[in-house]
Amino acid sequence: MANRLNGKVALISGASGGLGAAQARMMAAEGAKVFLGDLEPEGSELRVPLKTLCEEITAKGGDADYQKLDVTRENSWAQFVSAAEERFGKVNVLSNNAGIYLHKTLTEHTFEDFQRIVGVNQLGVLLGMKTAVPPMERAGGGSIINFASIYGIAGAGISTAYQGTKGAVRLMTKSAALELVEKNIRVNAICPGMFDTNLFETSVPKDAWEPLISLVPMKRFGRPDEIAYGVIFLASDESSFMTGSDLVIDGGYTCP
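Here goes a summary of the coordinates provided.

Scoring rules and cut-offs
Residues numbered from 1 in each chain as written. Predicted model: local features only at pLDDT ≥ 70, side-chain atom pairs only at ≥ 80, totals over all residues. Heavy atoms only, no water. Buried < 20%, exposed > 50% of the residue type's maximum accessible area, 1.4 Å probe, protein only. Helix = DSSP H or I, 4+ residues; strand = E, 2+ residues; numbered from the N terminus. Arc of directions from axis to C-beta. Contact = heavy atoms within 4.5 Å. Core = buried A, V, L, I, M, F, W, Y, C linked by side-chain atoms within 4.5 Å. Expected span 1.5 Å × (residues − 1). Salt bridge = Lys/Arg side-chain N within 4 Å of Asp/Glu carboxyl O. Disulfide = S-S within 2.5 Å.

1. Looking at helix 2 (residues 50-59)
Working step 1: For helix 2, the set of buried residues is Leu50, Leu53, Cys54 and Ile57. An end-on view of helix 2 places all buried positions within 100 degrees of arc, on one side of the element.
Working step 2: Elements in contact with the buried residues of helix 2: helix 1 (18-29), strand 2 (33-38) and strand 3 (63-68).
Working step 3: Just past helix 2, the residue Gly61 takes up positive phi, approximately 95 degrees.

Spelled out as C-alpha cells, the structure:
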C-alpha cells in the first residue's frame, strides 16, 4: 500500500480508541493528513493520548494534529472542523467513528442511559455530517464514513438502545447519500462485527466473550486494522461509485 489517500485531509472522531487510532495510522501511511478528535484527547486506560498518536505518525513521516471533540455538541464540531480546515487547508474525508456501547437488558435501561447513547452514537453522527458538508463542498467533494454495526442489521437480544442508534446510523447514511450526491459527497456506513478494542473490553462482561465468539463463523474477534482497511477503501477514489452502502466486516456473523 502507498499513497491511496495522497493529498486528502481526513478527520476522525473517537480517534484515541482502538478503531480510531488504527484508522489514523493507516490513513497517514497512505498519504492523508489526519486531524484527530476525542473527548479525552490526553487518553485514559486502554486509549491512546492523541498527542502521542500524532507524534508517532509524525515520526514516521506523516502529518497529524488533534483537538478535543465532544461529538454531542454542535459548537464542538464546528470548532473541530474549522480548526482542521485552517490547519490543513481543506477537508476531504470524515470518519464518524466515535461511539459507545451499552450492554444492558431492556428493563435495565435508564432514561439517562438512552439519552447518552443516542447523543453519542446518533446525534454525534448527524452533527458530524452536517458540519463536514460545507468544507467538503469548498474542496469539491468528499467521503463521509459513518460507523454503524452488525447490531444495526440483526437483533442481539440485549443492548436495545445501542442497536436502535446503529440502525438509525444506517438509514441516516442512506438519506444523506441521496441528499449529497449532487454535491459530489459520498456517504457510506461501515458495520463492524465483534472487534477486540477498548470499547468491547470495557463494555462487555468477560464471561460473555466466549459465547459471543462462538457466534462468529471465523471463531475470533476482528482486529482494528481489518476495519481500517475498509475505511481506507471508502475514503479513497477506489470506492468512487459507492454511496449509501453498508460495508459489513464481521467474520461472517450476519451470514446465517
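2. Looking at the nonpolar core
Working step 1: Within the largest apolar cluster, 48 residues are counted, with the highest numbers of intra-cluster contacts made by Leu11, Trp77, Ile144 and Val187.
Working step 2: Per-element accounting of this core gives the leading share, eight residues, to helix 4 (residues 111-139).
Working step 3: In this structure Trp77 touches Ser13, Leu69, Asp70, Val71, Leu94, Asn96, Gly124, Leu127, Gly128 and Thr131, once residues within four positions along its chain are discounted.
Working step 4: One finds Ala64, Val93, Ile190 and Ala228 within the second-largest nonpolar core, a separate group that totals 31 residues.

3. Things to note about helix 4
Working step 1: With 29 residues, helix 4 should cover 42 Å at 1.5 Å per step; its first-to-last C-alpha distance of 41 Å lies within 8% of that length.
Working step 2: The first or second residue beyond helix 4 is Gly140, which carries a positive phi of 95 degrees.

4. Comments concerning the side chain of Lys8
Working step 1: One can find Lys8 in the segment before strand 1 (9-12).
Working step 2: Sequence-distant contacts of Lys8, defined by excluding residues within four places in its chain, comprise Gly31, Ala32, Lys33, Asn92, Val93, Ala235, Ser236 and Asp237.

5. Looking at the pattern of salt bridges
Working step 1: By the definition in use, this model includes 17 salt bridges.
Working step 2: With a closest N to O distance of 3.8 Å, Glu56 and Lys60 form a salt bridge.
Working step 3: Its relative accessible area of 26% is what places Glu56 among the partly exposed residues.
Working step 4: Lys60 sits in the exposed class, given a relative accessible area of 70%.

6. Re the state of the cysteines
Working step 1: As enumerated under the stated definition, the model contains zero disulfides in all.
Working step 2: Cysteine Cys191 remains unbridged, with the sulfur of Cys255 as its closest cysteine sulfur at 13 Å.

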